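Observations on the model geometry
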Amino acid sequence: MAKVVIVGAGFAGHYGALILQDELKKLGNNHEITVISRVDKFTYIPSLVWVGINQMKAEKTQFRLKPVYDKLGINFIQGKVYEIWPDNKFLKVELPDGKTENVKYDFLLVATGPYLNFEATQGLGPDKGYTQSICTPPHATQAAAKYLELVSRLEKGEKATIVIGTGHGTATCQGAAFEYICNVHNDLVDRGLRDKVKLIWLSNEPRLGDFGIDGLEAKRGSLIFTSEMMAEGLFADYGIEYEIRSHVHKVDDKKIYIENLDGEFKEIDYDFAMLIPPFKGQPIKWYNKDGKDITSEVCNPAGFVKVDATYGKTWEELDGPDWPKTYQSPYYENIFAAGIAFAPPGPLSEPNKSPNGTIIAPAPPRTGYTAELSGKAAALNIVEMIKGNKPNHTASMAETPGLCIASMKKSIFGGEAGTIAIYPVARDYTKYPEYGRDINNCTAEIGMAGAWFKLALHYAFMYKLQAKPFWKLIP
Amino acid sequence: MKHKKIEKKATFRFSKKDRRRMKSYVYQFFRAIVLGFKFWSLVRKVH
């Protein structure tokens, strides 16, 4: 009987648990699965953009994990993992009541998601700073409240500046901020207040439409249509100004202090700002059998767990085969890491430095569908190892598609969204010498169809991830 | 050097035809079917 522990219950961890349970029940032998999560609910993060403008309640994006796990025979522990002892095969969990518990495992899947590193920029974030975030349900709910406060001021005739984007030179998830700024624009149009607001897109992207994935190219008739063209055309239509290639040094209650890749320092006045923070790994310490701290060996400097990737290459040298395939730790064969928790071999977007030495390099996004695929591959590999085989299931970002519906306006009638597909996510110039991607399989277009997809995906994923009847039919 | 920089060629603006298509129920219904198949074919590559 094998004991499998999954740390984290987001896209990678929770979906990994469902796949693992489904596969292990075929093997019999009463294998045991335990999921440990800091929170007792799953959150469908892609819909938080609507929570942030009060078009959806946070509860609609969540469901409680325990009833799902009880139904499937999976153990659930609500708590925070703070130490992992891989030689002794156990980890330490801090429970909500402050007590601690040691949990033993034979196989471990680390899928913790990110630590939102607001501390990286002075004055960033809703808790100790001045900016809003849509990264968690409480943050998105607070962002909506602050946004509505601003709306009521606008209704009284005031004018305002709204800044949306990334709050640090190494932040990721530009796509979520892009969705938010488009939704804010359309909401203000619907309220008849758009002319009272200056909307500014502030991001660390080297080019508009980069989204941290090095942009995308797709065929549009006989032309090559890029995400840069899409973002540029859209911002022109929406009247959104932009400051890209920028790092945020500091935020106070009135201004955002930035530096761009030309080395220029600027100050932006604002009334409302939603800036995505940089991510780092959850603060978990790793110890060997002698009690020596081995966190810096097992994890990269940002605290993400190293897996079967080729580390140490520059962005110029990095290619498709360097991205992880099985998500197995190179140090401990019974440990896997998936979703945001795994350490990427490098950025997808071009990293740059300002003349003053400030690093402005978007980190690679590996959320949503990519996280789900890596969680699934890691879960299937654990099953293979339980059977006595080597891990052979792969989900390299250089072999899997990136599918994204970027909401711009939530509505069935008259809604708008960008439908984006890339294949593969990480460019592989060995396989696709011209663009690094198969552009026949890439898409970028804006329209109502995307808005229908976005709503359909919300309900489909919420259904599937609650393991309701025939959930496996939903990919 | 494996990565190639794809230089921007021109300032892009959506045409009136583009904007009309974005809001046309008939056109978007047709695109939803095409994009649905495209997504499905990509998903089938990994599932």
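Residues numbered from 1 in each chain as written. Chains lettered and ligands numbered in written order. Predicted model: local features only at pLDDT ≥ 70, side-chain atom pairs only at ≥ 80, totals over all residues.

1. Here's the deal with the sheet that holds strand E11 (residues 160-166) of chain A
Residues and elements named next belong to chain A. Threshold: Paired strands, in this sense, are two strands between which DSSP finds at least two bridges. Numbering goes from the N terminus for both helices and strands, where a helix is a DSSP run of H or I of at least four residues and a strand is a run of E of at least two. Here the axes come from fitting lines to C-alpha atoms, over the contacting stretch only for helices, and the angles between their N-to-C directions go from 0 to 180 degrees. The contact criterion used here is simple: two residues whose C-beta atoms, placed from the backbone, lie within 7 Å are in contact.
Here we have 4 strands laid out as an open sheet, ordered E15-E12-E11-E19, and parallel in their pairing. Each having just a single partner strand, strand E15 (241-243) and strand E19 (272-276) make up the two edges of the open sheet. Ignoring strand direction, the axes of neighbouring strands in this sheet form an average angle of 15°. Relative to E15, strand E12 (residues 197-202) runs parallel, the two being bridged by 3 bridges. Following the sheet pairing, Leu202 is matched in E15 by Glu243. Each of E11, E12 and E19 touches helix H5 (residues 174-191); the most contacted strand, E11, lies at about 155° to it.

2. Topic: the confidence of the model for chain B
Quick reminder of the rule: Confidence of the prediction at every residue is given by pLDDT, a number between 0 and 100.
Across chain B, the average pLDDT comes to 85, with 77% of residues at 70 or higher. Across the predicted assembly, pTM comes out at 0.96 and ipTM at 0.89.

3. Quick notes on H5(A)
The line we're drawing: Every helix has an expected span of 1.5 Å times one less than the residues it contains.
For H5(A), built from 18 residues, the straight-helix expectation of 26 Å at 1.5 Å per residue is met to within 8% by its first-to-last C-alpha distance of 26 Å. Looking at the residues trailing H5(A), positive phi occurs at A:Gly192, about 75°.

4. A closer look at helix H2 (residues 25-44) of chain B
The cut-off we apply is this: Buried residues are those with 20 or more other C-beta atoms within 10 Å of their own C-beta, exposed residues have 12 or fewer, and partly exposed residues lie in between; C-beta atoms are placed from the backbone. It is the directions from the helix axis to the C-beta atoms that the arc portrays.
For H2(B), built from 20 residues, the straight-helix expectation of 28 Å at 1.5 Å per residue is met to within 8% by its first-to-last C-alpha distance of 28 Å. For H2(B), the set of buried residues is B:Gln28, B:Arg31, B:Leu35, B:Lys38 and B:Leu42. Buried residues of H2(B), seen end-on, are gathered within an arc of 85° and therefore sit on one face of the element. For H2(B), exposure combined with an orientation more than 90 degrees from the buried face picks out B:Tyr25, B:Val26, B:Phe29, B:Ile33, B:Phe37, B:Trp40 and B:Arg44. Structurally, H2(B) contributes buried residues whose contacts are with strand E25 (402-409), strand E26 (416-422), strand E27 (443-447) and helix H9 (448-464) of chain A.

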